[in-house]
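Here's the letter readout for the chains.
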Amino acid sequence: MESDDDIPTLIDHGEGPATSSETPQEVRRTPCTIISGFLGAGKSTLLKRILTEKHGYRIAVIINEFGDSAVTKAINVTSPDDPAVQSEEVLELANGCLCCSIKDAGIAAIEKLMQRKGAFDYIVLETTGLADPGPIASIFWQNEEYSAGLGKEIILDGVVCVVDAVFGRTQMEEDHSVDGIGESLRQIASSDVVLLNKTDLVQSENDLLETEDMIHRVNPSAPIYRTTHGNIDISRIININAYRMADHIRPSALNEAGADLGQGMVAQPKHYELRGISSLQMAIPPLSLEKLAKLEKWIQRVLWDKELPKDGSIPDTHPVQILRCKGLFVMEFGKEYILQGVQTMYEISEVSGQDVHGLPSAGKLVLIGKGLDEVARSSLVSVLV
């Protein structure tokens, strides 16, 4: 029999405090930027700058087949008569960037690239001159199959569109398609940043302003940067957090909202239309949970059913089509929520670390697509009052 003086045996339950090294940390996902552009707008020149200049970013640029790409011809990394080089899928360049060819569509190309994870910090994906970046963006952003795999490693950073300052207006005016929205207009509508390139070749400031006005009528929320020869500060198009942060949506000056938006007041919305594509932007007053739920139900109907909700004022079917939506919603109790949507996919998530102190300010909603006319505005206002 053991005495009371015996030292008891201690059992380790493994419940001690975790050290800082044991605390799980969120894995950094690689930001991916999609670059689209009008034919001849200077997209290849922009990509050449990314691949050759000493900008301090380690970027993997995914382009079309090496042999067919104007980019690779410009940076002299291949020629059609060099089968040895054409067989390579990834080329390391002197400035620390990687140039990769697309021999598999979409996700497969990214999967091959991620086998070299650690060799780059950012990804730039080039689309063809006629490609609509909307479906590509939706694959990267809210796709279940993608989220279960590459979504743990890559996050959509933003969509950049390069527009020809000389011929851009003509391209937009003459663009045609079966459903009434040409590819150039789709590219602008889906973009988070627009580069108005070749501005040095435009004869007058008024011509530039008219082109910028036309772009704003298609996409009122995307900033426009004037460039020559694709010369742009890389930080304007890389790591812009267009799908994660609310700063680019937050109204800087609510001149469209009037001076002050009190409880239950709805600002006069702005409406733009150009060749079948229309946009609607509206300041949103502080919302209760009930009104946020009503607003989300309205957004779901518009995105998924492609029509306005029927009520007493809209007895008949009113078709709409959304290419891009974004918004910032301020709650009465001080929280902020961000809306991001591409075609039929959307997400509303709380803005982390952005509690509103004092009197809540107004939020904002931007819709780009078709059918966003006076009837659509009235339907949206009815949800908010």
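Residues numbered from 1 in each chain as written. Predicted model: local features only at pLDDT ≥ 70, side-chain atom pairs only at ≥ 80, totals over all residues. Heavy atoms only, no water.

Looking only at helices and strands, the protein features 11 helices and 14 strands. Among the 385 residues that make up the protein, the fraction classed as buried is 49%. Considering only contacts in the protein between residues 6 or more positions apart, those separated by 24 or more positions represent 72%. As displayed, the protein has an accessible area near 18,800 Å², and 49% of this comes from carbon and sulfur atoms. (Helix = DSSP H or I, 4+ residues; strand = E, 2+ residues; numbered from the N terminus. Buried < 20%, exposed > 50% of the residue type's maximum accessible area, 1.4 Å probe, protein only. Contact = heavy atoms within 4.5 Å. Areas by Shrake-Rupley, 256 points an atom, 1.4 Å probe, with all protein chains shown as cover.)

This structure, assessed with the given rule, holds 14 salt bridges. The partner of D121 in a salt bridge is R58, with the nearest N and O atoms 3.0 Å apart. One end of the pair, D121, is in the loop between α4 (107-114) and β5 (122-126); the other, R58, is in the loop between α1 (43-52) and β2 (59-63), and 63 residues separate them in sequence. Given the relative accessible area of 32%, R58 is considered partly exposed. Of the charged contacts, one joins E350 and K335 as a salt bridge, the two residues approaching to 3.3 Å between their closest N and O atoms. Of this pair, E350 sits in strand β13 (residues 345-350) while K335 sits in the loop between β11 (321-330) and β12 (336-342); the two residues are 15 residues apart in sequence, bridging distant segments of the chain. Relative accessible area serves as the criterion here: at 41%, E350 is assigned to the partly exposed category. (Salt bridge = Lys/Arg side-chain N within 4 Å of Asp/Glu carboxyl O.)

This next bit is on unusual backbone geometry. We note that H229 has phi near 55°; this positive angle belongs to a residue other than glycine. Mapping H229 onto the fold places it in the loop between β8 (224-226) and β9 (270-274). Phi angles above zero are rare outside glycine, and N241 is one such case at about 55°. Within the secondary structure, N241 sits in the loop between β8 and β9.

Ranked by size, the top nonpolar core spans 41 residues in total, and within it I50 and I237 carry the most contacts. Residues within four places of I237 in sequence aside, it is in contact with T33, L46, I50, D157, V160, V193, L195 and I232. Within the second largest apolar cluster, 26 residues are counted, among which are L280, V302, V320 and Y346. (Core = buried A, V, L, I, M, F, W, Y, C linked by side-chain atoms within 4.5 Å.)

This part covers the packing of helix α10 (residues 289-305) against helix α11 (residues 374-384). Two elements in contact, α10 and α11, have axes whose closest approach is 9 Å; the angle formed by their N-to-C orientations is 155°. With respect to their mutual orientation, α10 and α11 come out roughly antiparallel. Seen along the crossing, α10 lies across α11 with a hand that is right-handed. Every residue of α11 that contacts α10 at K291, K294, L295 and W298 is listed here: A376, S379, L380, V383 and L384. Of the residues contributing to the contact of α10 with α11, the split by class is six nonpolar, one polar and two charged. (Axes fitted to C-alpha atoms, helices over the stretch in contact; angles between N-to-C directions. Parallel < 35°, antiparallel > 145°, perpendicular 65-115°, else oblique. Left-handed = near helix turned anticlockwise from the far one by under 90°. Nonpolar A, V, L, I, M, F, W, Y, C, P; charged D, E, K, R; others polar.)

Looking along a regular strand, one sees side chains alternate from face to face of the sheet. Counting buried residues along strand β7 (residues 193-197), five of its five residues qualify, which places the element largely inside the surrounding structure. Burial along β7 is two-sided: the residues V193, L195 and N197 and V194 and L196 are all buried. For β7 and β8, the ladder comprises three bridges, and the chain directions are parallel. Among the inter-strand pairings, L195 is bridged to a residue of β8, identified as Y225. Taking the sense of rotation as the criterion, the β-α-β connection linking β7, helix α9 (residues 205-218) and β8 turns out right-handed. (Pairing = 2+ DSSP bridges. Right-handed = clockwise from strand over helix to strand, strands pointing away.)

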